[in-house]
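Structure assessment
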Amino acid sequence: MSFWSPQRYQFEGEKHGIDDDAIAASVEVIKRIQNINARLPIVLTLRHLSWLTDTNYGYLRKVVSRESGKYKRVLFKKKVPGRSRYREIHIPEASLLAVQKWITAKILSNTSAHPSSFAYHPDSQPIFAASRHCGCKWLLKIDIENFFHSISERMVYKVFRDLGYTKLLSFELARITTTTGLSNKKSEDIFRSDSSRWPSIPNYYCSDEGFLPQGAPSSPMLSNLVMKAIDKDLEYLANCNGFTYTRYADDLAFSTEKNATIADINRFKKEVNRLLIEAGFNPNRRKTAIRGPGARRIILGILVDSKNPRLSKEYKDQLRQHLYYLRSQEHGPSKHAEARKLSVSTLFHHVRGKIAWAEKVEPEFGALCLEKFESISWPPLDNW
């Protein structure tokens, strides 16, 4: 990283005829950003961002004004027994995607999530979160309903503002990384910055407040940064009550090794829900679960009711079944794939992925499965 000199910046600015007050204001912004996090890139204005990202300035203005920056809306059916539920994914158009990737790589990747967060950042895995709860007597699991879509434009604005960027640019970055279409909340009621702070930019007015689109590359880390203060409060609450806290995206887990009653756990759950609601999130009551002594304690598909993380019996049985049919002379990969209504290629990657997970959770079992997998006579690649 090159050393930044305020003296050189001022000299170059004066040489190019920049107003002294503008130079002084820019110097203060740069100092503020570097004092907060020296790894962050210096971005002063939307036009500066357009130059850094090699993106048309007019296009960025239209994105901020909600005139451009379209998303392809895709619905994926969720596996919820007895219900028709869908996960809504928003895929940004190519030009917007490129800018969001730049923001992710240059800004967001140089920030850090709370230590209790175990998703969406490098070198983090579900097993790391689950391992924190091994040997627990009580386990409380809480899911946040519509997690990404509950994160508002205002929350994202605060993330960029806390990183030291100017109020206007933070607002513009929030607009670039959010979209509209779901929220019934109106920005004049919730987020007045667009219409009242910059009356000279009438095109920035939008009656709907944006939300974080699931499918944008910037959304995962932004969600972690939005949750950072809440993670801190939840960790403090957990520590004060003898609990361990972890969060994997929208899955919150609290465990304790102390003797407790169901009434104790319910009181603690009530406090957790209160903090989440005050922060603007709705706990998913249907997915909230309490597991105590005598019940299986599972986090992110991993058993944590003993000293070491374990795979569930169902997971092992499914993997053994796959390997049995794949290695069987009567069945083999082609017939097994046909029976599962899958292509051989899809089946290959599916089973290999399950083995990779097994290797992480129970290395000995995973190694045994991999040995069997590698002995399978797969058809030639041309037939896949």
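What counts, and at which threshold
Numbering of residues starts from 1 in each chain and follows the order in which that chain's sequence is written. Only residues with pLDDT of at least 70 are given local features in this predicted model, and only at 80 or more are side-chain atom pairs given and counted; all residues enter the totals for whole chains, interfaces and linings. The basis for every side-chain value is the complete set of heavy atoms in the structure, and neither hydrogens nor water enter the calculation. Strands are runs of DSSP state E lasting at least two residues, helices are runs of H or I lasting at least four, and both sets are numbered from the N terminus onward. How far a helix is expected to stretch is found by multiplying one less than its residue total by 1.5 Å. To get the bend at a residue, fit one axis to the 7 residues ending there and another to the 7 starting there, then take the angle between the axes. Categorising residues by exposure relies on relative accessible area from a 1.4 Å probe, with only protein chains included: less than 20% of the type maximum marks a residue as buried, more than 50% marks it as exposed, and the intermediate range marks it as partly exposed. Domain ranges listed in this record stem from an automatic or a database domain assignment. Two cysteine sulfur atoms make up a disulfide if the distance between them is within 2.5 Å. A pairing counts as a salt bridge when a side-chain nitrogen of Lys or Arg comes within 4 Å of a carboxyl oxygen of Asp or Glu. A patch consists of residues whose relative accessible area exceeds 30% and which take part in no salt bridge; residues with like charges are grouped when within 9 Å of each other, and nonpolar side chains (Val, Leu, Ile, Met, Phe, Trp, Tyr) when within 5 Å. The Shrake-Rupley method, run with a 1.4 Å probe, gives the accessible areas here. Residue values count only the displayed protein chains as cover. Within this scheme the basic residues Lys and Arg register as positive and the acidic residues Asp and Glu register as negative, but His and the chain ends are omitted. Charged side chains are reduced to one point each, which is NZ for Lys, CZ for Arg, CG for Asp and CD for Glu. One bridge is not enough; two strands pair if DSSP finds at least two bridges between them. Each nonpolar core is a collection of buried residues, namely Ala, Val, Leu, Ile, Met, Phe, Trp, Tyr and Cys, held together in the definition by side-chain atoms within 4.5 Å. Residue contacts are defined here by distance: any two heavy atoms, one from each residue, within 4.5 Å place the two residues in contact.

Details of helix H12 (residues 219–240)
End to end, H12 covers 31 Å across 22 residues, agreeing with the expected 32 Å (1.5 Å per residue, within 8%). Taken as a whole, H12 carries its principal kink of about 45 degrees at Lys 228. Of the residues trailing H12, Gly 242 is marked for its positive phi of about 75 degrees.

Some remarks on unusual backbone geometry
A negative phi angle characterises most non-glycine residues, just as the trans form characterises most peptide bonds. For Asp 54, which is not glycine, the phi dihedral falls at a positive 55 degrees. Tracing the sequence through the fold places Asp 54 in the loop between helix H3 (46–53) and helix H4 (57–64). Of note, Arg 66 is a non-glycine position whose phi angle comes to about 65 degrees, a positive value. The residue Arg 66 is located in the loop between H4 and strand S1 (71–77) in this model. Of the residues examined, Arg 66 reaches a relative accessible area of 18% and is grouped as buried.

Points about the domain arrangement of the protein chain
Annotation of the protein chain at the domain level lists domain 1 (7–36), domain 2 (127–145 + 217–303) and domain 3 (312–375). With centres defined by C-alpha atoms, the gap from domain 1 to domain 2 works out at 46 Å.

Examining the state of the cysteines
Per the counting criterion, the structure on display carries zero disulfides. The thiol of Cys 134 is not disulfide-bonded; the next cysteine sulfur, from Cys 136, is found 7.9 Å away. The class for Cys 134 is buried, based on a relative accessible area of 12%.

Topic: the pattern of salt bridges
Evaluated as defined, the whole model comprises 14 salt bridges. Between Arg 175 and Glu 153 there is a salt bridge whose closest N-O contact spans 3.0 Å. Of this pair, Arg 175 sits in helix H9 (residues 167–176) while Glu 153 sits in helix H8 (residues 153–162); the two residues are 22 residues apart in sequence, bridging distant segments of the chain. Look at Arg 175 and you get buried, because its relative accessible area is 0%. Looking at Glu 153, the relative accessible area reads 1%, which means it is buried. With a closest N to O distance of 2.8 Å, Lys 158 and Asp 162 form a salt bridge. Here Lys 158 pairs with Asp 162, and both are found in helix H8, just four residues apart, close to one helical turn. For Lys 158, a relative accessible area of 49% gives the class partly exposed. Overall, Asp 162 belongs to the partly exposed group, its relative accessible area being 44%. Overlapping salt bridges bring together Arg 66, Glu 153 and Arg 175 as one network.

Description of a negative patch on the surface
On the surface, a cluster of negative charge is made up of Glu 14, Asp 19, Asp 20 and Asp 21. What makes Glu 14 partly exposed here is its relative accessible area of 42%.

Description of the pairing of strand S4 (residues 244–248)
Across five bridges, the pairing between S4 and strand S5 (residues 251–256) is antiparallel. When the bridges of S5 are listed, Tyr 245 appears paired with Phe 254. Counted between consecutive antiparallel strands, the loop separating S4 from S5 contains two residues, among which Ala 249 sits at a positive phi close to 60 degrees.

Concerning the nonpolar core
Counting residues in each nonpolar core, the largest one holds 62 residues, and the members touching the most others are Ile 176, Phe 254 and Phe 281. Looking at this core, the element that brings in the most residues is H12, giving nine residues. Taken together, domain 1 (7–36) and domain 2 (127–145 + 217–303) each give at least three residues to this core, which thus spans both. Other than its neighbours up to four places away in sequence, Phe 254 contacts His 133, Trp 138, Leu 139, Leu 140, Ile 142, Leu 234, Ala 238, Phe 243, Thr 244, Tyr 245, Phe 268 and Val 272. Counting 28 residues, the second largest nonpolar core, distinct from the first, contains Trp 357, Phe 365, Phe 373 and Trp 378.

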